[in-house]
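Structural overview for review
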Amino acid sequence: MVKESVLFASSEVYPFAKSGGLADVSHSLPCALAEYCDVCVVMPLYRFIDREKFGIKPSEQSFEMIIGSNAYSIQWYECRIEGVRYRFVYSPVLCEKEYLYGPPEAGYEDNAIRFGIFNYAIVDLLKKKKFSIAHLNDWQCALVPLLIKSDPSIRTKTLYTIHNLAYQGTFDPSVMEMLGLDAGYYTLDGIEFYGQVSFMKAGIAYSDRINTVSPTYAQEILTPEFGCGLEGFLQLHRDKLTGIVNGIDTEHFSPSNDGRLIVPYTELKGKRANKSSYLKENKLKGIDKALIVFIGRLTWQKGMDILISILPELAMQECNVAVLGEGENRYIESLESIASEYPNIRLHCGYDETLAHRLYAAADFVFMPSLFEPCGLNQLIAFAYGAFPVVRKVGGLADTVQPIEAFDPKSDGGFGITFEGSDEREILNTIDRGFELYRNKRVFNAILRHNMGCDFSWHESAKGYLTLYRMCRE
Ligand code: ADP
């Protein structure tokens, strides 16, 4: 078998920069692939990345790159961690910002040129080094397939992975010129999208293969409900579309080996010590009360409206609730106001990796009322940490959380409570079913032990990507 040489490009990669699951995947998938291929991960060198800590060094002279009629200075950096080579693009316009994409409410106005620079830099690397595959993730690198189409010297094949179709990278048509793009691409079957330029469409139209991060989401995005206006376009390209479910880094998310935990554990009684410590630290009472946790971006997608509407009634039950997230101000304000009224709700605003790990370890339930979910990682982490997922049956949640009614200890997969619809009463009843199960400790713990023993690593899914790489070359 030919050993692929893969350029894996992403706008965020853990541990350098992370806003969500894309960063986790962009770290853990290349690590898993490194067993089978030569992988080089490419990302922007944002100004907040600690160069010294990670041993990031310049790898060549800086140079100027012409895009449209402007010159941008580019400097390549690199480092190597655990068998994976990381290459970083530094350009002031791209990297000298406070946030990755913009403050929570809106993207930066110059994101088209910022990530345009990132795309051109990737193409620069494809010209200098020989890669068999460019694996491009989300809209931030979706122009690459278009750019290499017009350069026959580049023989690299492209796989485009959609991690979230809702973020498309759409910009005013004036960016065509600024990005040096041929006006011929500004068409319905090219990158025009309702009078705007869509980076996402470039990835879909011009890559050799496309995939999403779960099989169910790959089907859902072909429908108007989940297609974000691109369902028709995706249907045109459906022959090259598949879905591969994400895995997690089972070393990073391993309760027995997790240095961020107060008490690392392999057994459920160790988990109780973490719960006790979290409750004490946050002045919450009742070790025997169920602790329900929500972790994630505070956005519409994650079901924030539902969470906020059921929270007051949920808080009247015998339970504690913890919410960790950053996101839209309107949601933060509502959550703050509810949390101030109920002593059994804790709200942690902001991004905090250590607290997230501690919450997974402390939680009895992880609640995910997402309206859509391309894959979702929280439920996989919850399984690993012995927390019981309560999730809407949508996208990757439908693929990875098997309904408890069908519990089978011989199954390879994890079990949780799944629900459909958005009716508040029904969702509260669903959570009640979880509480009932929680009180039946023997059964509840048996399910948690089963879930903790399942394999949520990249082992199988990495092989799925190898198959896709091969298909790109056929
Ligand atoms: P997303 O749609 O945001 O990518 P995923 O479920 O795919 O959601 O991945 C979310 C990842 O980000 C998980 O590792 C989760 O624990 C983490 N995460 C989300 N919000 C926070 C936060 N505020 N602090 C720490 N970790 C977070």
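Residues numbered from 1 in each chain as written. Predicted model: local features only at pLDDT ≥ 70, side-chain atom pairs only at ≥ 80, totals over all residues. Heavy atoms only, no water.

Some thoughts on the site of the ligand
Near the ligand you find 22 residues, and of these Gly21, Asp24, Arg297, Lys302 and Tyr360 are the closest. Contact distances for the ligand include 3.2 Å between an oxygen atom and a side-chain N or O atom of lysine 18. At a separation of 2.7 Å, an oxygen atom of the ligand approaches a polar side-chain atom of tyrosine 360. Protein contacts shield 93% of the accessible area of the ligand, which totals 560 Å² for the unbound molecule. For the shell around the ligand, the secondary-structure elements that each account for two or more residues are helix H1 (21-33), strand E15 (319-325), helix H13 (353-362) and helix H14 (378-384). (Near = heavy atom within 4 Å. Polar contact = N/O pair within 3.5 Å; in protein donor to acceptor, adjacent residues only side chain to side chain. Areas by Shrake-Rupley, 256 points an atom, 1.4 Å probe, with all protein chains shown as cover. Helix = DSSP H or I, 4+ residues; strand = E, 2+ residues; numbered from the N terminus.)

Considerations on the packing of aromatic side chains
All told, the structure shown has 24 aromatic pairs when counted by the stated rule. Ring centres of tryptophan 139 and phenylalanine 199 lie 5.6 Å apart, and the angle between their planes is 75 degrees; on these two criteria the pair is classed as edge-to-face. Remark: phenylalanine 199 occurs in helix H7 (residues 199-206) and tryptophan 139 occurs in the loop between strand E7 (133-137) and helix H5 (144-149); sequence separation between them is 60 residues. Both residues of the pair, tryptophan 139 and phenylalanine 199, count as buried. Centre to centre, the rings of phenylalanine 365 and tyrosine 438 are 6.0 Å apart; their planes meet at 55 degrees, and the pair counts as tilted. Within this pair, whereas phenylalanine 365 is found in strand E17 (residues 365-368), its partner tyrosine 438 is found in helix H16 (residues 424-439), the two being separated by 73 residues in sequence. What makes phenylalanine 365 buried here is its relative accessible area of 2%. Accessibility expressed as a relative area gives 7% for tyrosine 438, which makes it buried. Taken together through their ring pairs, the aromatic side chains of Tyr101, Phe115, Phe118, Trp139, Phe171 and Phe199 make up a single cluster. The ring of phenylalanine 233 has lysine 201 lying over it, and the distance from NZ or CZ to the ring centre is 4.4 Å. (Phe/Tyr/Trp six-rings, centres within 6.5 Å; stacked < 30°, edge-to-face > 60°. Buried < 20%, exposed > 50% of the residue type's maximum accessible area, 1.4 Å probe, protein only. Lys NZ or Arg CZ within 6 Å of the ring centre and 35° of its normal.)

Remember that the coordinates give geometry; whether it matters functionally is a separate question.
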